[in-house]
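What follows is each chain in one-letter form.
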Amino acid sequence: METHKVQIIQTVLILLVYIIVYYINKNVVNTSLKQTHIQRGRRKMIVKTIQLLSSTTVLVLLASVWGVKQGDIAVFAGTILAAIGIALFAQWSLLSNITSSVLLFFNHPMRIGDRIKVLDKDFPHEGMIADLTYFFVHIRTDEGEIVTIPNSLIFQKSIVVVQNEEV
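For every chain, the first residue of its written sequence is number 1, and the numbers climb from 1 along that sequence. Residue-level local features of this predicted model are given only where pLDDT is at least 70; pairs of side-chain atoms are given and counted only at 80 or more, and the full residue set underlies all totals for whole chains, interfaces and linings. Working from all heavy atoms in the structure, the side-chain values ignore hydrogens and water.

1. Side note on helix α1 (residues 2–35)
As a reminder of what qualifies: Runs of H or I in DSSP of at least four residues are treated as helices and runs of E of at least two as strands, each being numbered from the N terminus. In this scheme, a helix's expected span is set at 1.5 Å multiplied by one less than its residue total. Should any heavy atoms of two residues lie within 4.5 Å, those residues are counted as being in contact.
Given a rise of 1.5 Å per residue, 34 residues ought to cover 50 Å, and the 49 Å separating the end C-alpha atoms of α1 matches this to within 8%. In this structure, the buried residues of α1 make contact with α2 (40–65). Residue His 37 follows α1 closely and has a positive phi angle near 60°.

This is the structure:
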């Protein structure tokens, strides 16, 4: 019974530290990124990525507090890394969309707020990029509809950036 009390206390401490670090990271990263004049959409994606990494760290810490062996954690991490590696080659999987989101973030000329045309013979779309998420690009059409296109398809279709919205 005593070990469970210690584990509960450690869990509460880890969660409190996580919450404090979460808000500090969010404020520090946003403040420093605003000074570098990075677009709002890119700042949002960087904050999400840092939050994902810190959440993963907390999960690993909590697993170790509750007795999960290091070998089991290593197997889990290896599985995740293998899945991400497969995502680089699997064109239609959800993991390929996550990988594509990273590539879109760093290497594609379109940004949140840009007006684009998707040059597709069967399903042409035109509108403003409302959001870039880990899985989809959200395009707001002139009619007010939100069209979602999987990130992996953005690499397969020709995209015309009609208008760039400045920072």
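2. Side note on the packing of aromatic side chains
How two aromatic rings sit relative to each other is given by the distance of their centres and the angle of their planes. Worth spelling out the cut-off: Geometry of aromatic contacts follows a simple scheme: Phe, Tyr and Trp rings, the Trp one being its six-membered ring, pair when their centres are within 6.5 Å, and the pair is stacked under 30 degrees between planes, edge-to-face over 60, tilted otherwise. Three exposure classes are used, based on accessible area relative to the maximum for each residue type with a 1.4 Å probe and protein chains only: buried under 20%, partly exposed in between, and exposed over 50%.
Overall, the coordinates contain two aromatic pairs when judged by the stated rule. Both rings, one in Tyr 18 and one in Tyr 22, keep their centres 6.2 Å apart while their planes meet at 45°; by these two values the pair is tilted. Here the residue Tyr 18 and the residue Tyr 22 both occupy positions in helix α1, the gap between them amounting to four residues, near one helical turn. According to the relative accessible area criterion, Tyr 22 is partly exposed, its value standing at 23%. Centre to centre, the rings of Tyr 22 and Tyr 23 are 4.9 Å apart; their planes meet at 85°, and the pair counts as edge-to-face. Among the aromatic residues, ring-to-ring pairing joins Tyr 18, Tyr 22 and Tyr 23 into one connected group.

3. Overview of the pattern of salt bridges
The condition that has to hold: The working definition used for a salt bridge is a side-chain nitrogen of Lys or Arg within 4 Å of a carboxyl oxygen of Asp or Glu.
According to the stated counting rule, one finds three salt bridges in the structure shown. Arg 115 is the partner of Glu 126 in a salt bridge, and the nearest nitrogen-oxygen pair spans 3.6 Å. Placement of the pair is Glu 126 in strand β2 (residues 125–132) and Arg 115 in strand β1 (residues 115–119), with a sequence separation of eleven residues. Residue Glu 126 is classed as partly exposed on the basis of its relative accessible area of 32%.

4. Topic: the pairing of β1
Cut-off, in case you're wondering: Two strands make a pair as long as DSSP finds a minimum of two bridges between them.
Taken together, the four bridges between β1 and β2 define a ladder with antiparallel strand orientation. Its bridge partner being in β2, Ile 116 is matched across the sheet by Gly 127. Taking the residues between adjacent antiparallel strands as the criterion, β1 and β2 are bridged by five residues.

5. A word on the side chain of Thr 133
In this fold, Thr 133 is placed in the loop between β2 and β3 (136–140). The buried category is assigned to Thr 133, whose relative accessible area is 17%. With sequence-adjacent residues up to four places away left out, Thr 133 is seen in contact with Met 45, Ser 101, His 138 and Asn 151.

6. Here's the deal with the packing of α1 against α2
Inclusion rule: Inter-axis angles, ranging from 0 to 180 degrees, are taken between N-to-C directions of lines fitted to C-alpha atoms, where helices are fitted over the stretch in contact. To sort the angles, those under 35 degrees are grouped as roughly parallel, those over 145 as roughly antiparallel, those from 65 to 115 as roughly perpendicular, and the leftovers as oblique. Crossings are sorted by hand: turned counterclockwise from the far helix by less than a right angle, the near helix makes the crossing left-handed, and turned clockwise it makes it right-handed. Classification convention: Asp, Glu, Lys, Arg as charged; Ala, Val, Leu, Ile, Met, Phe, Trp, Tyr, Cys, Pro as nonpolar; all other residues, Gly among them, as polar.
The N-to-C vectors of α1 and α2 enclose an angle of 165°; their axes lie 10 Å apart at closest approach. Here α1 is positioned roughly antiparallel relative to α2, judged by the angle of their axes. When the axes of α1 and α2 are compared, the crossing they make is right-handed. In terms of residue class, the contact of α1 with α2 is built from 13 nonpolar, eight polar and three charged.

7. Topic: the environment of His 138
Within the secondary structure, His 138 is located in strand β3. Between the C-alpha atom of His 138 and that of Ile 112, which follows or precedes it by 26 residues, the distance is 9.2 Å. Ignoring sequence-local partners within four residues, the contact set of His 138 consists of Met 128, Ile 129, Ala 130, Asp 131, Thr 133, Ile 146, Val 147 and Thr 148.

8. Description of the nonpolar core
We apply this condition: We call a set of buried Ala, Val, Leu, Ile, Met, Phe, Trp, Tyr and Cys residues a nonpolar core when their side-chain atoms join them within 4.5 Å.
By size, the foremost hydrophobic cluster in this structure holds twelve residues: Leu 104, Met 110, Ile 116, Val 118, Ile 129, Leu 132, Val 137, Ile 139, Val 147, Ile 149, Leu 153 and Ile 154. Elements with a minimum of two residues in this core: β1, β2, β3, β4 (146–150) and α5 (151–154).

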